[in-house]
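Inside the fold
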Amino acid sequence: MRRIILFLLAVSFFQVGHSQTVRGTILDNADHTKINFASIYINGTSVGTNSDQNGYFELNITKYGSLPVTISALGYYSVTLTDFSLEKPIEVFLTPKTFELKEVVIVAKSLTKEKKANLKLFRNEFLGTSYDANNCVIENENDIIFSKGSSGDTLKVFASKPIIIYNNGLGYKITYYLDKFEYYRKSKSFLYQGNAIFNEDLTSEITQKKFFEKRRKYAYLGSRSHFFASLWANKLKSNGFVIRNSADQILNYEDIVIERSGFKKYLSYKGNLSICYFSNSPNSSIELINNPVFFDSSGYFDGSGVRVIGQMAKQRIGDLLPYDYKLK
């Protein structure tokens, strides 16, 4: 009996010693007032919590200790933390979206016909045009507001609240905090910044679950997450990926990956990388804006340091899977 008790105590101490919890308070950067009901989460996963009435929060990040923590709140720019203490509570300051709120008043008078056209353009660029994207429903489209730039070429998109998306193709509810979206009509290009929280569809129908799993597998294979997860595990070839440089030479794991302490890995290469997925010719390419770029075993990568072109870039919000998705 004594041995059993000692064993249980040892297991308990082991679990406590290896659990990672970030604690802190969310504050307004302008007047330092506490922000309640802010969302604290691992971007692109279902792991998250909310701050209480005093702005205080606790989030267990044991499963994703190497990934950044994102904080979002209504009316504020999101903040992403990549370096923070687990030993003591932290303070996080959010900046109000003052300039956006001023533009909202002006844009609210836009014509219904023009807004419908802008909404269609936004859906195509933001969600995508794939099967899964076309099966997405934005619950609160009335919270999306459009603004023209001074030249008329740039279309800016603001959301007064988090965008709620029901993906009926993949079986997820997505809460998306949009920080920036700009579409340039002349070049037909766009940029956006934001963060997402995924919630699993709770359907109990076996047929529907099988349908979702089939669609998720189809969306995952050949995706950016699939590529970076394969690269982290050094299984590019077995998972169907081949990387070539500008001289058409095949590159291996050792040529492009830097390993650092704490099992952290970074993609590092000077020049563009062409990616072939079950093909003799490249169907995607990667350009490193920052070098090196951190990536994780879940398929997460620092998107601010990478420009993806080609087939992988066609996947938009409507095709994304959470980083905690596991291929069955």
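In short, a report on the structure. All of these numbers come straight from a predicted model, not from anything done at the bench. (Residues numbered from 1 in each chain as written. Predicted model: local features only at pLDDT ≥ 70, side-chain atom pairs only at ≥ 80, totals over all residues. Heavy atoms only, no water.)

Bringing the nonpolar core into the picture now. Among the nonpolar cores identified, the biggest contains 30 residues, and F122, F126, I163, I165 and L178 are the most heavily contacted of them. Those elements that place two or more of their residues in this core are α3 (112–126), β8 (136–138), β9 (144–148), β10 (154–159), β11 (163–167), β12 (172–184), β13 (189–200) and α5 (206–220). When residues of this core are assigned to their parent elements, the largest contribution, six residues, is made by β12. When near neighbours in sequence (up to four residues on either side) are disregarded, F122 contacts L127, I138, I144, F146, V157, I163, L178 and F181. Membership of the second largest hydrophobic core comes to 25 residues, among which are A73, L81, Y266 and Y323. (Core = buried A, V, L, I, M, F, W, Y, C linked by side-chain atoms within 4.5 Å. Buried < 20%, exposed > 50% of the residue type's maximum accessible area, 1.4 Å probe, protein only. Helix = DSSP H or I, 4+ residues; strand = E, 2+ residues; numbered from the N terminus. Contact = heavy atoms within 4.5 Å.)

As a further point, take the layout of surface pockets. In this structure, the second largest pocket spans a volume of roughly 480 Å³. Here the element with the most residues in the lining of the second largest pocket is α5; it accounts for four residues. For the lining of the second largest pocket, the per-class residue count stands at seven nonpolar, 10 polar and six charged. (1 Å grid on protein atoms, 1.4 Å probe; cavity = no way out; pocket = protein on both sides within 12 Å on 5 of 7 lines; lining within 4 Å. Points joined across faces, edges and corners; volume = space filled by probe spheres on them. Nonpolar A, V, L, I, M, F, W, Y, C, P; charged D, E, K, R; others polar.)

So, on to the packing of aromatic side chains. The geometry of an aromatic ring pair is captured by the separation of the ring centres together with the interplanar angle, meaning the angle of the planes. Taken as a whole, this structure holds 22 aromatic pairs when the rule is applied. Relative to F190, the ring of F181 has its centre 5.7 Å away and its plane inclined at 25 degrees; by these criteria the two rings are stacked. In this structure F181 comes out as buried when scored by relative accessible area, which is 1%. Put simply, the rings of F122, F126, F146, Y176, F181, F190 and Y192 pair up and form one aromatic cluster. Against the face of Y172 rests R216, its NZ or CZ located 4.0 Å from the ring centre. It is R260 that lies over the ring of Y266; its NZ or CZ is 4.5 Å from the centre. (Phe/Tyr/Trp six-rings, centres within 6.5 Å; stacked < 30°, edge-to-face > 60°. Lys NZ or Arg CZ within 6 Å of the ring centre and 35° of its normal.)

Turning our eyes to something else, we now look at the sheet that holds strand β5 (residues 69–72). Strand order across the open sheet formed by four strands is β3-β2-β5-β6, with antiparallel pairing between neighbours. Two strands bound the open sheet, and with one partner strand each, they are β3 (48–50) and β6 (79–81). For this sheet the average axis-to-axis angle between neighbouring strands, irrespective of direction, equals 20 degrees. Bridge count between strand β2 (residues 39–41) and β3: three bridges; the pairing is antiparallel. Following the sheet pairing, S39 is matched in β3 by N50. (Pairing = 2+ DSSP bridges. Axes fitted to C-alpha atoms, helices over the stretch in contact; angles between N-to-C directions.)

Let's shift gears to helix α6 (residues 224–232). Of all nine residues that make up α6, eight are buried, and the element is covered over most of its length. R224, S225, H226, F227, F228, A229, S230 and L231 are the residues of α6 that are buried. Following α6 by one or two positions, N234 adopts a phi angle in the positive range, close to 55 degrees.

Inspection of the secondary structure assignment puts V69 in strand β5. As a C-alpha pair, V69 and G48 span 21 residues in sequence and 9.2 Å in three-dimensional space. Beyond its immediate chain neighbours, meaning those up to four positions away, V69 contacts I40, Y41, I42, L59, I61, V79, T80, L81 and F84.

Pairing within the open sheet is antiparallel, and its three strands lie in the order β16-β17-β20. Among the strands making up the open sheet, the edge pair consists of β16 (257–260) and β20 (293–295). If you compare each strand with its neighbour and ignore which way they point, the axes differ by 35 degrees on average. When strand β17 (residues 264–267) meets β20, the two strands line up antiparallel, connected through three bridges. Bridge pairing in β20 places L267 opposite V293.

A few words on unusual backbone geometry. Along the chain, N291 connects to P292 via a cis peptide bond; the corresponding omega equals 5 degrees. Tracing the backbone through its elements, the reader meets P292 in the loop between β19 (284–288) and β20. We note that H32 has phi near 65 degrees; this positive angle belongs to a residue other than glycine. Structurally, H32 can be placed in the loop between β1 (21–28) and β2.

To continue, consider empty space enclosed by the protein. Summed over the entire model, instances satisfying the criterion amount to one cavity of 30 Å³ or more. Taken as a whole, the largest cavity holds about 40 Å³ of empty space. When grouped by side-chain class, the residues that make up the lining of the largest cavity number five nonpolar, two polar and no charged.

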